[in-house]
Amino acid sequence: MLMSHYPARRILDPANAQGQEEPLTDKPSGPKPVDVHVGGRIRLRRTLLGMSQERLGEALGLTFQQVQKYERGTNRVSASRPYELSDVLDVPVSFFFDGLDRGRRSSGQAAGRPGLEMSSGFAQAQEAFGGAPDGSSASTSEMTLLARRETIELVRTYYRIEDAATRRRVLDLIRMMIPPE
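Owing to the predicted nature of the structure, the values given are computational and were not obtained by experimental measurement.

Student: What am I meant to see in the nonpolar core here?
Tutor: Soluble globular proteins tend to pack their nonpolar side chains together in the buried interior. Counting 17 residues, the largest nonpolar core has I42, L56, L85, L89 and F96 as its most contacted members. Of all the elements, helix α1 (residues 33–48) adds the most residues to this core, at 4 residues. Ignoring sequence-local partners within four residues, the contact set of L85 consists of I42, L56, L60, V77, D90 and F96.

Given below as structure tokens:
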């Protein structure tokens, strides 16, 4: 049965003359973790770009309320939407799934499909920000840190510095301010 993982709810079928109970499948309440994660990644990237929900909605042919629901995970993102979002937000499709429960996959291969290597996508950029150089996904605390308004403002400001050499010196200065471990 396709939906056997949902709890069954039993109701009386008014069409049933004997009054016997008929099973009816109930939808689970609340958003699924993957929908919340993808929505959070949409919000993170939109905010990093300084884009409003209204502007993103216009680019996708949606209302800002629909974008809000995507970002909260209350509306599920259809299969084609990450492709459209990746174009508008200028990230690979894998960005929206980076950091999502990789425990189900082993040794960098797609689950159950030997020889198919996992793309680490946007997660590769972690090393530039002091993340894990082995390409492992960010922890929940790291993802929370990246989603903070202060972090987003810092990254936006950093990338407004047009000269790459000046950006590099700013990064070196910040690193010098950190106490040695």
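Student: Please clarify how the packing of aromatic side chains should be interpreted in this entry.
Tutor: Ring pairs (aromatic) are described by centroid distance and by the angle formed between their planes. Under the counting rule described, the total for this entry stands at 2 aromatic pairs. Their ring planes at 80° and their centres at 5.5 Å tell us that F95 and F96 sit as a pair that is edge-to-face. Among the residues examined, F95 registers a relative accessible area of 1% and is labelled buried. Ring plane angle 90° and centroid distance 5.0 Å describe the contact between Y158 and Y159, whose orientation is recorded as edge-to-face. Residue Y159 is classed as partly exposed on the basis of its relative accessible area, which comes to 48%. The positively charged end of R41 is found above the aromatic ring belonging to F95, 4.0 Å away from the centroid.

Student: For this particular structure, what's the right way to read the side chain of R46?
Tutor: Looking at the element boundaries, R46 is found in helix α1. For R46, a relative accessible area of 10% corresponds to the buried category. Among the polar contacts made by the side chain of R46, one reaches the main-chain carbonyl oxygen of M51 at a distance of 2.8 Å.

Student: Would you mind showing me how to read the pattern of salt bridges here?
Tutor: It is possible for side chains of opposite charge to pair when their charged atoms get near one another. Using the criterion set out here, one finds 3 salt bridges in the structure. For the salt bridge of D35 with R76, the shortest nitrogen-to-oxygen distance reads 3.1 Å. Linking D35 in helix α1 with R76 in the loop between α3 (64–72) and α4 (81–89), this pair joins segments that are 41 residues apart in sequence. The class of D35 is buried, set by a relative accessible area of 10%.

Student: Looking at this structure, how should I read helix α2 (residues 53–60)?
Tutor: Residues lying three or four places apart along an α-helix face the same way, a consequence of the helix completing one turn every 3.6 residues. Taken together, the buried positions of α2 are occupied by Q53, L56, G57 and L60. Mapping the buried residues of α2 onto a view down its axis gives an arc of 100°, with all of them on the same face. Summarising the geometry of α2, the exposed residues directed more than 90 degrees from the buried face are E54 and E58. As for α2, its buried residues are in contact with α1, α3 and α4. Just downstream of α2, G61 is the residue with a positive phi angle, here 75°.

Student: What exactly am I supposed to notice about the environment of E71 here?
Tutor: Mapping E71 onto the fold places it in helix α3. Taking the relative accessible area as the measure of exposure, E71 reaches 9% and is therefore buried. When the C-alpha atoms of E71 and G39 are compared, they prove to be 3.7 Å apart, with 32 residues separating the residues in sequence. Residues within four places of E71 in sequence aside, it is in contact with G39, G40, I42, R43, R46 and Q53.

Student: What's the story with the confidence of the model for the protein in this structure? I'm lost.
Tutor: Low-pLDDT portions of the prediction should not be read for the details of their coordinates. In the predicted model, the protein carries a mean pLDDT of 74, and 62% of its residues have values of at least 70. Here residues 104–124 is modelled with pLDDT under 50, and outside its nearest four sequence neighbours on either side it reaches 29 contacts, counting other chains as well.

Rules behind the numbers
- Residues numbered from 1 in each chain as written.
- Predicted model: local features only at pLDDT ≥ 70, side-chain atom pairs only at ≥ 80, totals over all residues.
- Heavy atoms only, no water.
- Core = buried A, V, L, I, M, F, W, Y, C linked by side-chain atoms within 4.5 Å.
- Buried < 20%, exposed > 50% of the residue type's maximum accessible area, 1.4 Å probe, protein only.
- Helix = DSSP H or I, 4+ residues; strand = E, 2+ residues; numbered from the N terminus.
- Contact = heavy atoms within 4.5 Å.
- Phe/Tyr/Trp six-rings, centres within 6.5 Å; stacked < 30°, edge-to-face > 60°.
- Lys NZ or Arg CZ within 6 Å of the ring centre and 35° of its normal.
- Polar contact = N/O pair within 3.5 Å; in protein donor to acceptor, adjacent residues only side chain to side chain.
- Salt bridge = Lys/Arg side-chain N within 4 Å of Asp/Glu carboxyl O.
- Arc of directions from axis to C-beta.
- pLDDT = per-residue confidence, 0-100.

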